[in-house]
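Single-letter residue listing:
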Amino acid sequence: MTMQRAESWAEGRRLLEQLVKDHPQSLEADGARERIPLSRFQIQIHAACDETLARRRVADAVAKGLAAEMIPSVVTPMQKIVAVGKYSRFDDAVRELDRVKSLGYADAFLIP
């Protein structure tokens, strides 16, 4: 994750893939699997196994002016993640995270 936050996406992906290969059963490998396909930062505002609920959360966020989308979890395929924005720079994502939290998503956090 450090490499991704430093905007070295290819190196970050390589290190995550190595972690999964070397320690496939570890808890860290689950998180790594989620991050491998990512090529930008997003802000997670919700996660649910109920797709209808996740779609409602996307609609609520869009109504607040956020660019929200529902994405499937790699580790838990039944789980849907509601994410906001697509940021290539960590600093931009952090700045937007503060704004998203002020809109009522106090538990929001950056992914990866």
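The sections below set out a description of the structure shown in this document. Predicted model, so just to flag it, every value in this text is computed and none were measured.

Right, let's get into the overall build of the chain. Of the regular secondary structure elements, the chain holds five helices and four strands. In sequence order, the chain lays out its α and β elements as α-α-α-β-α-β-β-α-β. With 112 residues in all, the chain has 34% of them scored as buried. The contacts of the chain with a sequence gap of at least 6 include a subset with a gap of at least 24, amounting to 64%. Of the roughly 6500 Å² of accessible surface on the chain, 54% is carried by carbon and sulfur atoms.

The next thing to look at is helix α5 (residues 90-102). Helix length check: α5, at 13 residues, gives a terminal C-alpha distance of 19 Å against a target of 18 Å (1.5 Å per residue), a fit within 8%. When α5 is considered as a whole, its buried residues turn out to be Ala-93, Glu-96, Leu-97 and Val-100. Each buried residue of α5 lies within a common arc of 120° when the element is viewed along its axis, so the set occupies one face. Exposed and oriented more than 90 degrees from the buried face of α5 are Arg-95, Asp-98 and Ser-102. Phi for Gly-104, located one or two positions after α5, is positive at around 110°.

This paragraph deals with the pairing of strand β3 (residues 80-87). Along any regular strand, the residues point their side chains to alternate faces of the sheet. Taken across its eight residues, β3 has seven buried, putting it largely inside the fold. When strand β1 (residues 41-48) meets β3, the two strands line up antiparallel, connected through six bridges. Bridge assignment links Ala-47 to a residue of β3, and that residue is Ile-81. Alignment of strand β2 (residues 68-72) against β3, held across five bridges, turns out to be antiparallel. What sits directly across from Ala-68, in β3, is Val-84.

Here we come to the pattern of salt bridges. If you walk through the whole model with that rule in mind, you get eight salt bridges. The salt bridge involving Glu-51 is made with Arg-55; its shortest N-O contact spans 2.5 Å. Of this pair, Glu-51 and Arg-55 both sit in helix α4 (residues 51-63), four residues apart, which is roughly one turn of that helix. Looking at Arg-55, the relative accessible area reads 49%, which means it is partly exposed. Between Glu-69 and Lys-86 there is a salt bridge, and its shortest N-O distance comes to 3.8 Å. Here Glu-69 is found in strand β2, whereas its partner Lys-86 is found in strand β3, with 17 residues between them in sequence. Classification of Glu-69 as partly exposed rests on a relative accessible area of 23%. Ionic contacts of the salt-bridge type, sharing partners, join the residues Arg-89, Asp-91, Asp-92 and Arg-95 into one network.

Cut-off values and rules
Residues numbered from 1 in each chain as written. Predicted model: local features only at pLDDT ≥ 70, side-chain atom pairs only at ≥ 80, totals over all residues. Heavy atoms only, no water. Helix = DSSP H or I, 4+ residues; strand = E, 2+ residues; numbered from the N terminus. Buried < 20%, exposed > 50% of the residue type's maximum accessible area, 1.4 Å probe, protein only. Contact = heavy atoms within 4.5 Å. Areas by Shrake-Rupley, 256 points an atom, 1.4 Å probe, with all protein chains shown as cover. Expected span 1.5 Å × (residues − 1). Arc of directions from axis to C-beta. Pairing = 2+ DSSP bridges. Salt bridge = Lys/Arg side-chain N within 4 Å of Asp/Glu carboxyl O.

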